[in-house]
Amino acid sequence: MKDPRLIEISVGAFVALGLAALLMLAMKVANLAEFSAPQGYEVRAYFDNIGGLQVRSPVKMGGVVVGRVTAISYDSERYQAKVTLRIERGYDHIPNDTAANIYTAGLLGEQYVGLEAGGEENYLRENSEITITQSAVVLEKAMQEFLYNKTAKSSGPKS
Amino acid sequence: MIELLAKLGRASLGVFERLGRGHLFLLAVLGRLPGLALRPRLLLQQMWSVGVQSLLIIVVSGSFVGMVLGLQGYNTLVTFGAEESLGVVVAKSLLRELGPVIAALLFAGRAGSALTAEIGFMKATEQLSAMEMMAVDPLGRVVAPRFVAGLLSMPLLAAIFTAIGVLGGYFCGVGLLGVDEGAFWSQMQAKVTLVQDVVNGVVIKSLAFGLVVSWIAVFEGYDAVPTSEGVSAATTRTVVHSSLAILGLDFVLTGLMFN
């Protein structure tokens, strides 16, 4: 048999390697660090249609991720979808009249909330509401409208 | 006709007999675990031969599986212009299925067969009987440390396999094929969840596989017919049965976890 000390060292290294791999999977692959300390502030926005928006979808301003969607629910009094956005700490100079739109990254990509800064002096705070919103473009709806316009136009001149 | 029926009956009784013996054996081994805590050196020795010595094949296979996933995933995704999702594809398929399953299959071939052969030869050369003669319990002294070593090594090996696989996919996708590095990691981090993917996939699945493979390996060895043919048949049975058990169990666990 081998030197017992060598065995101890190699088993110790093996266990350490295994735990390090597990840690890497948790931190680097699942990105645990981002969730450990929820900081920043939450704002609400109401949309008529959120399309394929999901919890954890990014919130972007000028293409930069400034936060994430933390909750989605249906408000049965307003008949609208209520989306809660958590804006990261450090982005606390977003004007009150900022517009929130739901965009799609590419044709098949995931959907995200895009914020476009307004010009007001007051800034968004914890629990404030973004009032200017624009719903997601639902592809079926757009196609339906397109086809409807097309047929209306082509049948128009004849009659 | 009667002879045929008798044969059938004998065969199925034999199956039930082995099944029952296997479960009673597992209970007996589990009963020896507290005694093992008093002799950690035995466990250490087995961790070395079961875990550390399997490391090379796990690392090499992991990197190749990850690289192949990177290549194939890229070829499929690039037709949709979605090659940024390569990180998600590689990480999810490794974490949920390929990591634990392939690591367990390799483990069964590399360590399970060795365990069976070792214990089987101990039995064939009457070392186990000799231990009993000296009032040393072979279940506690020989079987339990090997069983626990297999059970503990399996999740560690699966985690190493998966981590190396992700790095292999990264090397192929980002290094060779030119996927954007930021998109590779950020899409992966946005879509992979700790509990659903990492804990369910790598930790729980591989613990279950480790239990099944080590159990089958030590039982087949302990239950082997004490001849050369008997030991060789037992080793073959270990590899075949544990591979089938891993794949079947994986189907059931996937059904339970990801619905």
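Computed from a predicted model, the values in this text were never measured in an experiment. (Residues numbered from 1 in each chain as written. Chains lettered and ligands numbered in written order. Predicted model: local features only at pLDDT ≥ 70, side-chain atom pairs only at ≥ 80, totals over all residues. Heavy atoms only, no water.)

Considerations on the packing of helix α5 (residues 86-124) of chain B against helix α7 (residues 138-176) of chain B
All names here are of chain B.
Line of reasoning, step 1. Between α5 and α7, the shortest axis-to-axis distance is 7 Å and the interhelical angle comes to 145°. As α5 runs across α7, the sense of the crossing is right-handed.
Line of reasoning, step 2. Each residue belonging to the contact of α5 with α7 can be placed in one class, and the counts come to 22 nonpolar, seven polar and two charged. (Axes fitted to C-alpha atoms, helices over the stretch in contact; angles between N-to-C directions. Helix = DSSP H or I, 4+ residues; strand = E, 2+ residues; numbered from the N terminus. Left-handed = near helix turned anticlockwise from the far one by under 90°. Nonpolar A, V, L, I, M, F, W, Y, C, P; charged D, E, K, R; others polar.)

What about the nonpolar core?
Line of reasoning, step 1. Residues Phe14(A), Val29(A) and Met188(B) are the most contacted members of the largest nonpolar core, which totals 72 residues.
Line of reasoning, step 2. The element that contributes the greatest number of residues to this core is α7(B), accounting for 17 residues.
Line of reasoning, step 3. With residues up to four places along the chain from it excluded, the contact list for Met188(B) reads Val29(A), Gly87(B), Val88(B), Ala91(B), Val166(B) and Ala183(B). (Core = buried A, V, L, I, M, F, W, Y, C linked by side-chain atoms within 4.5 Å. Buried < 20%, exposed > 50% of the residue type's maximum accessible area, 1.4 Å probe, protein only. Contact = heavy atoms within 4.5 Å.)

Description of the side chain of Gln46(B)
Line of reasoning, step 1. Residue placement: Gln46(B) occurs in helix α3 (residues 40-51).
Line of reasoning, step 2. Other than its neighbours up to four places away in sequence, Gln46(B) contacts Gly51(B), Pro145(B), Arg146(B) and Ala149(B).

Section: the environment of Leu207(B)
Residues and elements named next belong to chain B.
Line of reasoning, step 1. On the secondary structure map, Leu207 appears in helix α9 (residues 194-222).
Line of reasoning, step 2. With 52 residues separating them along the chain, Leu207 and Pro155 place their C-alpha atoms 5.7 Å apart.
Line of reasoning, step 3. The contact partners of Leu207, leaving out residues within four places of it in the chain, are Leu151 and Pro155.

Considerations on the domain arrangement of chain A
Line of reasoning, step 1. Split by domain assignment, chain A resolves into domain 1 (1-33) and domain 2 (40-144).
Line of reasoning, step 2. Computed over C-alpha atoms, the centres of domain 1 of chain A and domain 2 of chain A are 42 Å apart. (Domains from an automatic or database assignment.)

Describing the packing of helix α1 (residues 4-29) of chain A against α9(B)
Line of reasoning, step 1. Taken N-terminus to C-terminus, the directions of α1(A) and α9(B) make an angle of 160°; their axes are 10 Å apart at the nearest point. In terms of their interaxial angle, α1(A) and α9(B) are classed as roughly antiparallel. Along this stretch, α1(A) crosses α9(B), giving a crossing that reads as right-handed. Facing Leu22(A), Leu25(A) and Ala26(A) of α1(A), the residues of α9(B) in contact are Leu194(B), Val198(B), Val202(B) and Val203(B).
Line of reasoning, step 2. Residue composition of the contact of α1(A) with α9(B), grouped by class: seven nonpolar, no polar and no charged. (Parallel < 35°, antiparallel > 145°, perpendicular 65-115°, else oblique.)

Brief notes about the side chain of Ser243(B)
Residue and element names in this part refer to chain B.
Line of reasoning, step 1. Relative to the assigned elements, Ser243 resides in helix α10 (residues 228-257).
Line of reasoning, step 2. Accessibility expressed as a relative area gives 19% for Ser243, which makes it buried.
Line of reasoning, step 3. Only 2.7 Å separates the side chain of Ser243 from the backbone oxygen of Val239, close enough to count as a polar contact. (Polar contact = N/O pair within 3.5 Å; in protein donor to acceptor, adjacent residues only side chain to side chain.)

Considering the pattern of salt bridges
Line of reasoning, step 1. With the rule as written, the count across this model stands at 14 salt bridges over all chains.
Line of reasoning, step 2. Taking the shortest distance from any N to any O, the salt bridge between Glu8(A) and Arg41(B) comes out at 2.8 Å. Of the two residues, Glu8(A) sits in helix α1 while Arg41(B) sits in helix α3, which places them in two different chains.
Line of reasoning, step 3. Residue classification places Glu8(A) among the partly exposed residues on the basis of a relative accessible area of 32%.
Line of reasoning, step 4. Given the relative accessible area of 52%, Arg41(B) is considered exposed.
Line of reasoning, step 5. In this structure, Glu17(B) engages Arg21(B) in a salt bridge whose closest nitrogen and oxygen atoms are separated by 3.4 Å. With a gap of four residues between them, Glu17(B) and Arg21(B) both fall in helix α1 (residues 2-31), about one helical turn apart.
Line of reasoning, step 6. Taking the relative accessible area as the measure of exposure, Glu17(B) reaches 48% and is therefore partly exposed.
Line of reasoning, step 7. Sharing partners across several salt bridges, the network here consists of Glu17(B), Arg18(B), Arg21(B), Glu220(B), Asp223(B) and Arg237(B). (Salt bridge = Lys/Arg side-chain N within 4 Å of Asp/Glu carboxyl O.)

Some words on helix α3 (residues 139-155) of chain A
Line of reasoning, step 1. When the terminal C-alpha atoms of α3(A) are compared, their 24 Å separation across 17 residues agrees well with the 24 Å that a helix rising 1.5 Å per residue should span.
Line of reasoning, step 2. Taken across its 17 residues, α3(A) has zero buried, putting it largely on the surface. (Expected span 1.5 Å × (residues − 1).)

Here we look at the interface of chain B and chain A
Line of reasoning, step 1. Tallying the contact residues gives 31 residues for chain B and 25 residues for chain A.
Line of reasoning, step 2. Roughly 2,500 Å² is buried in total at the junction of chain B and chain A, and carbon and sulfur atoms are behind 78% of that figure.
Line of reasoning, step 3. Ranking the residues of chain B by area buried against chain A places Trp48(B), Leu156(B) and Gln189(B) at the top, with a combined share of 23%.
Line of reasoning, step 4. Linking chain B with chain A are one salt bridge, by the criterion used here.
Line of reasoning, step 5. There are two residue pairs in polar contact (both at pLDDT 80 or more) connecting chain B and chain A.
Line of reasoning, step 6. Here the side of chain B that touches chain A takes nine residues from α7(B), the largest share from any one element. (Buried area = accessible area lost by both parts, 1.4 Å probe.)

Observations concerning the pairing of strand β6 (residues 111-116) of chain A
Within a regular beta strand, the side chains point alternately toward one face of the sheet and then the other, so they alternate between its two faces.
All names here are of chain A.
Line of reasoning, step 1. Of all six residues making up β6, five are buried, and the element is well covered by its neighbours.
Line of reasoning, step 2. Looking at chain direction, strand β2 (residues 58-61) and β6 are connected through three bridges and run parallel. Residue pairing for β6: Val59 is matched across the bridge by Val113.
Line of reasoning, step 3. As paired strands, strand β5 (residues 99-104) and β6 are joined by six bridges and run antiparallel to one another. Bridging across to β6, Asn101 finds its partner in Gly114. (Pairing = 2+ DSSP bridges.)

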